[in-house]
Number of protein chains: 2
Amino acid sequence: MKKFVNDPKDYVPEMLEGLALANPDTLRYVPEYNLVMRADAPKENKVSVVQGSGSGHEPAHVMTVGPGMLDAACPGDVFAAPPADFVYETVKRLASPKGVLLLVNNYTGDRMAFEMAEELSRADGVSVRTLFIDDDVAVQDSTYTIGRRGVAGNFFVMKAVGAAAERGADLDEVHRIGEKVNSVTRTMGMALTACTPPAKGSPLFELPDDAVEMGVGIHGEPGREREQLRPARDMVRELVDAVVDDLPFTGGDSVALMANGLGGTPIGELYLVYGLAHKQVVARGIDVWRSYVGEYCTSLDMAGASITLVRLDDEIRGLLGDPAQIPVRVF
Amino acid sequence: MKKFVNDPKDYVPEMLEGLALANPDTLRYVPEYNLVMRADAPKENKVSVVQGSGSGHEPAHVMTVGPGMLDAACPGDVFAAPPADFVYETVKRLASPKGVLLLVNNYTGDRMAFEMAEELSRADGVSVRTLFIDDDVAVQDSTYTIGRRGVAGNFFVMKAVGAAAERGADLDEVHRIGEKVNSVTRTMGMALTACTPPAKGSPLFELPDDAVEMGVGIHGEPGREREQLRPARDMVRELVDAVVDDLPFTGGDSVALMANGLGGTPIGELYLVYGLAHKQVVARGIDVWRSYVGEYCTSLDMAGASITLVRLDDEIRGLLGDPAQIPVRVF
């Protein structure tokens, strides 16, 4: 295993400590709960927005904490849901008079942890709602999921609800906006290589030199099909077609288009992928309002990419256009 | 080779086309010269700042074009200097009454191309100066270099001269600032894996599973030594010690500290590296003013990282703090 790591069991806390040291004025780090929060949270006059997930998907979610995005993130270990008490302690610290919105990518382990924490928090008198994100069109059910998985399209939900909360919207309104953005967001990804979890020390699955996993999950879960490695334009077309046909997006739609890297694919290739996807989307009569190219939701060091489209209206465009300040300046 | 690529010879133009499609309002792309420029350049009232280099180091330099950074970038093919006529045509288009500053990382091929273009441009009556960047402490001379190599510390020079040019400083003043920042900037990197150029289709060098290249160049050039893979803290200490002892940085210095990824290392590992470097720097009595964590200057898909320190004073802090708007929002 070729990684920057000391003892693999310290990978997550050492990463979080580095994040905290890099952002001493804006972030607060509570090691016992893997909790990363805005230094100025909770704020009396806004809904607190919280997300947790397994680690290994960075920048999601610990590097997206800041004004206009998340108020806090509470990750678990690599590819493992945060324990329910981590989430519960996070909600306690983030409890604002305007309430707390919990964002959860749709995986069974995450759902269980967040639903338990929601129940405990409600018993404490905290106003709390939960929103599940399930933008991945690849498969209906999967290794860790009943229903669709939540992947990189999560960023658009975070951005929109973060902006709405910053504007002072109440909990029901912030929740409505999140549901709305999730309902018009679709993603599919593919792996060129497997990823290597630090504690395992070897690739999570085997992928031959001439094969790709089309529709892969962000924990290396199987996708739709194992296919031959082909020219980028053919593989990108398969991603774009799957995403466009699912909602479906149709001629005249205005969209945000994201090419997301899965961790091991360099930004040069991601722009190449973006260009191919852009042309294919435009050829279908769809208008690209704004581009998002880079790493948003990764799978450790996996080489691969995903394509996300979001159907926009004036409300969503406005929220995506609001400022945000987070450690990785991806928006 | 597992990459998003069509015909490998189209890798660079297809990447640049994607970049242009993703930034239609802010960038102009001139395919015949690999030229990416601000849509509003040249500006009458500011020095134009231009850099070129081989491709494969993205975001350097084509993704760092925008207000407060570069006015244009003119890359060559992967790891190949831009042809002199690409640079010359770029200077022609960027010629501002206040002049043009050419930034060049110190490699023999790049120097030759830029020096020839400078000469031709001066014969045309353009006011032009060139500045060489050589922040890499690893080796004195190298495969493609007489003298030290220019690597990720280049970003601090770009940022400072970009800010000074934006403020309206004249060509001599912008040049002075660039020289000053270069003189207080030091970097060293290391490779965990080799990188694979699209046209070659296989790794550029062999690196055994238990070995790292300490002091590697960004084109895979040999560094100081091939060493055993060790815990991150030991490898990071070797980078930090080499950088700190070179200038040298001493107790009481105020610095910017960068952990730069070489393309294949995920952001989670980079924050872990940053945290280790931060603590080691602080333990030497040095004050970290600001952190920079992410991919700035890469080597295709190489797994690895570099550490950069810049010794700051009020002037440099002010320039680094100015706003910049570029496709990858790394500052």
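Higher on the page you've got the structure.
Residues numbered from 1 in each chain as written. Chains lettered and ligands numbered in written order. Predicted model: local features only at pLDDT ≥ 70, side-chain atom pairs only at ≥ 80, totals over all residues. Heavy atoms only, no water.

Caption draft 1: Expanded view of the sheet that holds strand 11 (residues 287-294) of chain B. All names here are of chain B. Strand order in this open sheet of six strands is 9-8-7-12-10-11, and the pairing throughout is mixed. Either end of the sheet is taken by a strand with one partner, and the two such strands are strand 9 (225-228) and strand 11. Geometrically, the sheet is characterised by an average inter-axis angle of 20° between neighbouring strands, direction not taken into account. Relative to strand 12 (residues 304-311), strand 10 (residues 254-261) runs antiparallel, the two sharing seven bridges. When the sheet's bridge partners are listed, Val255 is paired in strand 12 with Arg311. In the packing of helix 6 (residues 232-246) onto the sheet, contacts are made with strand 7 (185-191), strand 8 (211-214), strand 9 and strand 12, and the angle to strand 7 comes to roughly 155°. This element, helix 8 (residues 314-321), spans strand 10, strand 11 and strand 12 of the sheet and lies at about 35° to strand 11. (Pairing = 2+ DSSP bridges. Helix = DSSP H or I, 4+ residues; strand = E, 2+ residues; numbered from the N terminus. Axes fitted to C-alpha atoms, helices over the stretch in contact; angles between N-to-C directions. Contact = heavy atoms within 4.5 Å.)

Caption draft 2: View of the interface of chain B and chain A. With 57 residues of chain B at the contact, the number on the chain A side is 57 residues. In terms of surface lost to chain A, no three residues of chain B exceed Lys2, Phe4 and Tyr271 of chain B, which account for 21% of the buried area on that side. Between chain B and chain A we count six salt bridges in total. Residue Lys279 of chain A pairs with Glu17 of chain B through a salt bridge whose shortest N-O separation is 3.1 Å. In this assembly, chain B and chain A are joined by 20 residue pairs in polar contact (both at pLDDT 80 or more). Secondary structure elements with two or more residues in the side of chain B that touches chain A: helix 1 (11-22), helix 6, helix 7 (267-283), strand 11 and strand 12 of chain B. With eleven residues, the single largest contributor to the side of chain B that touches chain A is helix 7 of chain B. (Buried area = accessible area lost by both parts, 1.4 Å probe. Salt bridge = Lys/Arg side-chain N within 4 Å of Asp/Glu carboxyl O. Polar contact = N/O pair within 3.5 Å; in protein donor to acceptor, adjacent residues only side chain to side chain.)

Caption draft 3: Region of interest: the relation of the copies chain B and chain A. Rotating chain B by 180° and translating it 0.0 Å along the rotation axis places it on chain A, where the RMSD comes to 0.0 Å. Taken together, these values place the two copies in the relation of a two-fold axis. Closest approach to the rotation axis within chain B is made by the C-alpha atom of Gly264 of chain B, at a distance of 2.2 Å. A share of 100% of the interface residues of chain B reappears at the interface of chain A, consistent with the copies meeting face to face through the same patch. (Least-squares fit on C-alpha atoms with pLDDT ≥ 70 in both.)

Caption draft 4: Broad picture of helix 5 (residues 171-183) of chain A. Residues and elements named next belong to chain A. For helix 5, spanning 13 residues, the distance from its first C-alpha to its last is 18 Å, which sits close to the expected 18 Å at 1.5 Å a residue. Here helix 5 has its buried residues at Leu171, Val174, His175, Ile177, Gly178, Val181 and Asn182. Relative to the axis of helix 5, the buried residues are bounded by an arc of 160° and lie together on one face. In this structure Asp170 caps helix 5, since a side-chain oxygen of it lies 3.3 Å from the backbone nitrogen of Asp172. (Expected span 1.5 Å × (residues − 1). Buried < 20%, exposed > 50% of the residue type's maximum accessible area, 1.4 Å probe, protein only. Arc of directions from axis to C-beta.)

Caption draft 5: Structural context of the pattern of salt bridges. Residue and element names in this part refer to chain B. Considering all chains together, one arrives at 62 salt bridges over all chains under this definition. Among the salt bridges present, the one from Arg129 reaches Asp172, with a minimum N-O distance of 2.9 Å. Note that Arg129 is positioned in strand 6 (residues 128-133) and Asp172 in helix 5 (residues 171-183), a separation of 43 residues in sequence. Taking relative accessible area as the criterion, Asp172 reaches 48% and is therefore assigned partly exposed. Here Lys180 and Glu315 are joined by a salt bridge, their closest N and O atoms 2.5 Å apart. Of the two residues, Lys180 sits in helix 5 while Glu315 sits in helix 8, which places them 135 residues apart along the sequence. In this structure Glu315 comes out as partly exposed when scored by relative accessible area, which is 29%.

Caption draft 6: Highlighting the packing of helix 6 of chain B against helix 7 of chain B. Residues and elements named next belong to chain B. The interhelical angle for the contact between helix 6 and helix 7, taken along N-to-C directions, is 55°, at an axis separation of 9 Å. As summarised for this structure, helix 6 and helix 7 are arranged oblique, according to the angle between their axes. Here the hand of the crossing between helix 6 and helix 7 comes out right-handed. Residues Ala232, Arg233, Val236, Arg237 and Val240 of helix 6 pack against Leu272, Val273, Leu276, Ala277, Gln280 and Val281 of helix 7. Among the residues forming the contact of helix 6 with helix 7, the class breakdown is eight nonpolar, one polar and two charged. (Parallel < 35°, antiparallel > 145°, perpendicular 65-115°, else oblique. Left-handed = near helix turned anticlockwise from the far one by under 90°. Nonpolar A, V, L, I, M, F, W, Y, C, P; charged D, E, K, R; others polar.)

Caption draft 7: A look at the sheet that holds strand 6 (residues 128-133) of chain A. Residue and element names in this part refer to chain A. Taken in spatial order, the six strands of this open sheet run 1-2-4-3-5-6, and their pairing is mixed. Each edge of the open sheet carries a strand with a single partner, namely strand 1 (27-30) and strand 6. Two elements, strand 3 (residues 48-51) and strand 4 (residues 72-73), share two bridges in a ladder whose sense is parallel. By the bridge assignment, Val50 is partnered in strand 4 with Ala72. Against the sheet, helix 2 (residues 84-94) makes contact with strand 1, strand 2 (35-38), strand 3, strand 4 and strand 5 (100-105), and its axis sits at roughly 20° relative to strand 2, the strand it touches most. The strands that helix 3 (residues 108-123) touches are strand 3, strand 5 and strand 6; relative to strand 6, the one it contacts most, it runs at about 170°.

Caption draft 8: Structural detail: the nonpolar core. In this structure, Tyr271, Ile307 and Leu309 of chain A together with Leu103 of chain B are the most contacted members of the largest nonpolar core, which totals 105 residues. Those residues in contact with Tyr271 of chain A, other than ones at most four positions away along the chain, are Val293 of chain A together with Glu14, Met15, Gly18, Leu19, Ala22, Asn23, Met63, Pro327 and Val328 of chain B. Counting 103 residues, the second largest nonpolar core, distinct from the first, contains Val12, Phe79, Val161 and Ala164 of chain A. (Core = buried A, V, L, I, M, F, W, Y, C linked by side-chain atoms within 4.5 Å.)

Caption draft 9: Geometry of the pairing of strand 1 (residues 27-30) of chain B. Residues and elements named next belong to chain B. Of the strand pairs in this sheet, strand 1 and strand 2 (residues 35-38) are connected by four bridges, and their pairing is antiparallel. When the bridges of strand 2 are listed, Arg28 appears paired with Met37. Connecting the antiparallel pair strand 1 and strand 2 is a turn made up of four residues, with Asn34 showing a positive phi of about 50°.

Caption draft 10: View of the side chain of His175 of chain B. Residues and elements named next belong to chain B. Along the chain, His175 falls in helix 5. In this structure His175 comes out as buried when scored by relative accessible area, which is 8%. Dropping the residues within four chain positions of it, His175 is found in contact with Leu101, Arg129, Thr130 and Leu131.

Geometry only, nothing functional implied.
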